[in-house]
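Commentary on secondary and tertiary structure
For reference, the chains in residue letters:
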Amino acid sequence: QGCDDYDAHDSYRKNKCSNQTQFLDNYSKLGTVSASSGKLGIWPSNHYLWLDSNDCDYVARFESAKLAYAEYLESIMLDRLENPIGNKGSDILLMFALKARDAKYTDKLAIDDRTRDALDAWTSTARKLTQSKPQIE
């Protein structure tokens, strides 16, 4: 069921859906569970319970909030590129935040078949050299 699918007399579900929506709105701006729940005045553990139950399609809505926060960080990065003078904050911390939030900014090591074959050959040669090394007595 979605967030708006509840009986008008079901105040518990209405309150939970409202809390989820507010939490996700906070998360899309703040990017952490503790800050988002603290601003709302709920326990951070509620978020993890909502993830487990996936009530009100919470998992998909949380993924959207994570993406919104990553896009917010990206907007900061783009602003710094366009206006490099007078920026406040650490570019290095921003870089790490982007890497943590968006896979397109992570460091990737691509290993194709040629690289894998070369690595296997090097490893095999290194083992042979280690095994054939004369023992010093």
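Presented here is a report on the structure given in the accompanying data block. Being a predicted model, the structure only gives us computed values, none of them experimental. Starting from 1, residues in each chain are numbered consecutively following that chain's sequence as written. Since the coordinates come from a predicted model, pLDDT governs what is reported: local features require at least 70, and pairs of side-chain atoms require 80 or more to be given and counted, while whole-chain, interface and lining totals use all residues. Where side-chain values are given, they derive from all heavy atoms of the structure, hydrogens and water being excluded.

1. Focus: the overall build of the protein chain
Short version of the rule: Put simply, DSSP marks the helices as runs of H or I at least four residues long and the strands as runs of E at least two long, and each gets a number from the N terminus on. Buried, partly exposed and exposed residues are distinguished by accessible area as a fraction of the type maximum, computed with a 1.4 Å probe on protein chains only: under 20%, between the cut-offs, and over 50%, respectively. Working definition of accessibility: Shrake-Rupley area with a 1.4 Å probe, residue cover restricted to the visible protein chains.
Along its length, the protein chain carries six helices and zero strands. Classification of the 137 residues of the protein chain by burial places 23% in the buried group. Taken as a whole, the protein chain presents about 10200 Å² of accessible surface, with 56% of it coming from carbon and sulfur.

2. Brief notes about the packing of aromatic side chains
We count it as follows: Note on aromatic pairs: the rings of Phe, Tyr and Trp (six-membered ring only in Trp) are paired at centre separations within 6.5 Å, and the planes decide the class, stacked below 30 degrees, edge-to-face beyond 60, tilted for the rest.
Under the definition given, this model contains six aromatic pairs. Seen from their ring centres, Phe23 and Trp50 are 6.0 Å apart, and the 75 degrees between their planes marks the pair as edge-to-face. Here Phe23 is found in helix α1 (residues 11-30), whereas its partner Trp50 is found in helix α3 (residues 45-53), with 27 residues between them in sequence. In terms of burial, Phe23 and Trp50 fall into one category: buried. Plain terms: the ring middles of Tyr69 and Tyr72 are 5.8 Å apart, the flat faces sit at 35 degrees to each other, and that makes the pair tilted. In this pair, Tyr69 and Tyr72 are both assigned in helix α4 (residues 58-82), three residues apart and thus about one turn of the helix distant. Accessibility expressed as a relative area gives 40% for Tyr72, which makes it partly exposed. One aromatic cluster is present, formed by Phe23, Tyr27, Trp50, Tyr58 and Phe62 through successive ring pairs.

3. Observations regarding the nonpolar core
Selection criterion: The criterion is simple. A nonpolar core is a set of buried Ala, Val, Leu, Ile, Met, Phe, Trp, Tyr and Cys residues joined through side-chain atoms within 4.5 Å. A contact between two residues is defined here by any heavy atoms of the two lying within 4.5 Å.
Listed in full, the nine residues of the largest apolar core are Phe23, Leu24, Tyr27, Val33, Ile42, Trp50, Tyr58, Phe62 and Ala65. Listed by contribution, the elements that provide at least two residues to this core are α1 and α4. Apart from the residues within four sequence positions on either side, Ala65 is in contact with Leu24, Tyr27 and Ser28. Core analysis: the second largest hydrophobic core is formed by five residues, Tyr69, Leu73, Met77 and Leu98 among them.

4. Observations concerning the state of the cysteines
As a reminder, the rule being used: The disulfide criterion is simple: two cysteine sulfur atoms within 2.5 Å.
Following the criterion strictly, the structure yields one disulfide and no others. Paired by a disulfide, Cys17 and Cys56 hold their sulfur atoms 2.5 Å apart. Handedness here is read from the sign of the S-S torsion; for Cys17 and Cys56, about -45 degrees, the answer is left-handed. Highlighted residues: Cys17 in helix α1 and Cys56 in the loop between α3 and α4, separated in sequence by 39 residues. Pair check on accessibility: Cys17 and Cys56 agree, each one buried.

5. A closer look at helix α2 (residues 33-40)
Our working definition: The directions from the helix axis to the C-beta atoms are what the arc is built from.
When we look at burial in α2, the residues that qualify are Val33, Ser36 and Ser37. Summarising the axial view, the buried residues of α2 lie within an arc of 90 degrees, below the 170-degree limit, and thus occupy one face. The exposed residues of α2 that point more than 90 degrees off its buried face are Ser34, Gly38 and Lys39. Those residues of α2 that are buried lie in contact with α1 and α3.

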